[in-house]
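These are the residues of each chain, in order.
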Amino acid sequence: MEFIGVPWFIAVRHLAPPLFLLAVGGALMVWRPPRRRGLVWAALVTNLVAAALPYGWMALQILTDQAERTVYGLAMTLLQPGTVVVAWLLLLAAVLAQRPAETAATAPEAGPAAAAANGDRGGESDRAAENIG
C-alpha cells in the first residue's frame, strides 16, 4: 500500500469493517438463508467494493501516470458514495422482497397435529368468524 501513498493501517481501518460485515453476513446467510440470497450477497460484495474503490482508483492513477489530474478525483468523489448507496439499496430490496414465512399452524396441510400443538381446543376455532351487529 505504500507504493500508492497509503499506510497499511489506514487501508486496514477502511477495509476491515466491510470484510467483517461480509464474513458475518455470509455466516448468517448460511445459518438462516433469506429468500433473496442473491440480492444480499450482491449488497455485501458491493459494500466491500465501495470500500476498496478509492485504493484501486489511486493504484490505477499511479499506474497510468494520471495522479496529478484532479478532474479524475472528482469522479471518484461521486462514484464511491454512489456505490455505497447501491449496496444499501440492494439490501433494502432484499428485505422488502421477502414475504412473511408461513407458519405450520396457518399452512393448509398442517392438519390437527399442528392445531393441537398451538393449543387449539377442537371445534372452537373451526367455526367461521361472524360479524354480529
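Below: a short report on this structure. Every chain is numbered independently, its residues counted from 1 as its sequence is written. In view of the model being predicted, local features appear only for residues whose pLDDT reaches at least 70, and side-chain atom pairs are presented and counted only at 80 or more, with totals across whole chains, interfaces and linings using the full set of residues. Values reported for side chains reflect all heavy atoms of the structure, with hydrogen atoms and water molecules removed beforehand.

1. So, the overall build of the protein
Numbering of helices and strands runs from the N terminus, with a helix taken as a DSSP run of H or I at least four residues long and a strand as a DSSP run of E at least two residues long. Helix and strand counts for the protein stand at four helices and zero strands. Shown N-terminal to C-terminal, the secondary structure of the protein runs as helices and strands in the order α-α-α-α. The contacts of the protein with a sequence gap of at least 6 include a subset with a gap of at least 24, amounting to 64%. Per element, the accessible surface of the protein, about 9,800 Å² overall, is 67% carbon and sulfur. Between two residues, a contact is recorded if the distance between any of their heavy atoms is within 4.5 Å. The method behind every accessible area is Shrake-Rupley, applied with a 1.4 Å probe, and residues are considered shielded solely by the protein chains displayed.

2. Some words on the nonpolar core
Formed by Ile-4, Val-6, Ile-10, Ala-11, Tyr-55 and Ala-59, the largest nonpolar core amounts to six residues. When residues of this core are traced back to their parent elements, those giving at least two are helix 1 (8–31) and helix 2 (37–63). Note on terminology: a nonpolar core comprises buried Ala, Val, Leu, Ile, Met, Phe, Trp, Tyr and Cys residues joined through side-chain atoms within 4.5 Å. Relative accessibility under 20% of the residue-type maximum defines a buried residue, over 50% an exposed one, and the middle range a partly exposed one, all with a 1.4 Å probe and only protein chains included.

3. Some points on a nonpolar patch on the surface
Here the term patch refers to residues with relative accessible area over 30% and no salt bridge, with like charges joined within 9 Å and nonpolar side chains (Val, Leu, Ile, Met, Phe, Trp, Tyr) within 5 Å. Salt bridges, as used here, are contacts in which a Lys or Arg side-chain nitrogen is within 4 Å of a carboxyl oxygen on Asp or Glu. Together, Val-85, Leu-89, Leu-92, Val-95 and Leu-96 make up a nonpolar patch on the protein surface, roughly 500 Å² of accessible area in all. Considering the arrangement of structural elements, one finds Val-95 in helix 3 (residues 70–96). A relative accessible area of 53% means that Val-95 is categorised as exposed.

4. Remarks on helix 1
Between its terminal C-alpha atoms helix 1 stretches 33 Å, which fits the 34 Å expected from 24 residues at 1.5 Å a residue. Throughout, bend refers to the angle between the axes fitted to the seven residues that end at a position and the seven residues that start at it. The largest bend in helix 1 amounts to roughly 35° and is located at Leu-15, with the proline Pro-17 lying one to four residues further along. Among the residues of helix 1, Ile-10, Ala-11, Pro-18, Gly-25, Gly-26 and Met-29 are the ones counted as buried. Those residues of helix 1 hidden inside the fold are in contact with helix 2. A helix is expected to span 1.5 Å for every residue after the first.

5. Structural notes on the environment of Val-40
Among the secondary structure elements, Val-40 is positioned in helix 2. Each C-alpha atom, one on Val-40 and one on Ala-93, is 8.8 Å from the other, the two residues being 53 residues apart in sequence. Once you skip the residues sitting within four places of it in the chain, Val-40 turns out to touch Met-29, Pro-34, Leu-91 and Ala-94.

6. Quick look at the packing of helix 1 against helix 2
It is the contact of helix 1 with helix 2, at a shortest axis distance of 9 Å, that shows an interaxial angle of 170°. When the interaxial angle is binned, helix 1 and helix 2 end up roughly antiparallel. On helix 2, the residues touching Ile-10, Ala-11, His-14, Leu-15, Pro-18, Leu-19, Leu-21, Leu-22, Gly-25, Gly-26 and Met-29 of helix 1 are Arg-37, Val-40, Trp-41, Leu-44, Val-45, Asn-47, Leu-48, Ala-51, Ala-52 and Tyr-55. A per-class count over the contact of helix 1 with helix 2 returns 16 nonpolar, four polar and one charged. The axes are straight lines fitted to the C-alpha atoms, using for helices just the contacting stretch, and the angles between their N-to-C directions are given from 0 to 180°. The scheme is simple: roughly parallel for angles under 35 degrees, roughly antiparallel for over 145, roughly perpendicular for 65 to 115, oblique for anything else. Charged residues are taken to be Asp, Glu, Lys and Arg, nonpolar residues to be Ala, Val, Leu, Ile, Met, Phe, Trp, Tyr, Cys and Pro, and polar residues to be all remaining types, Gly included.

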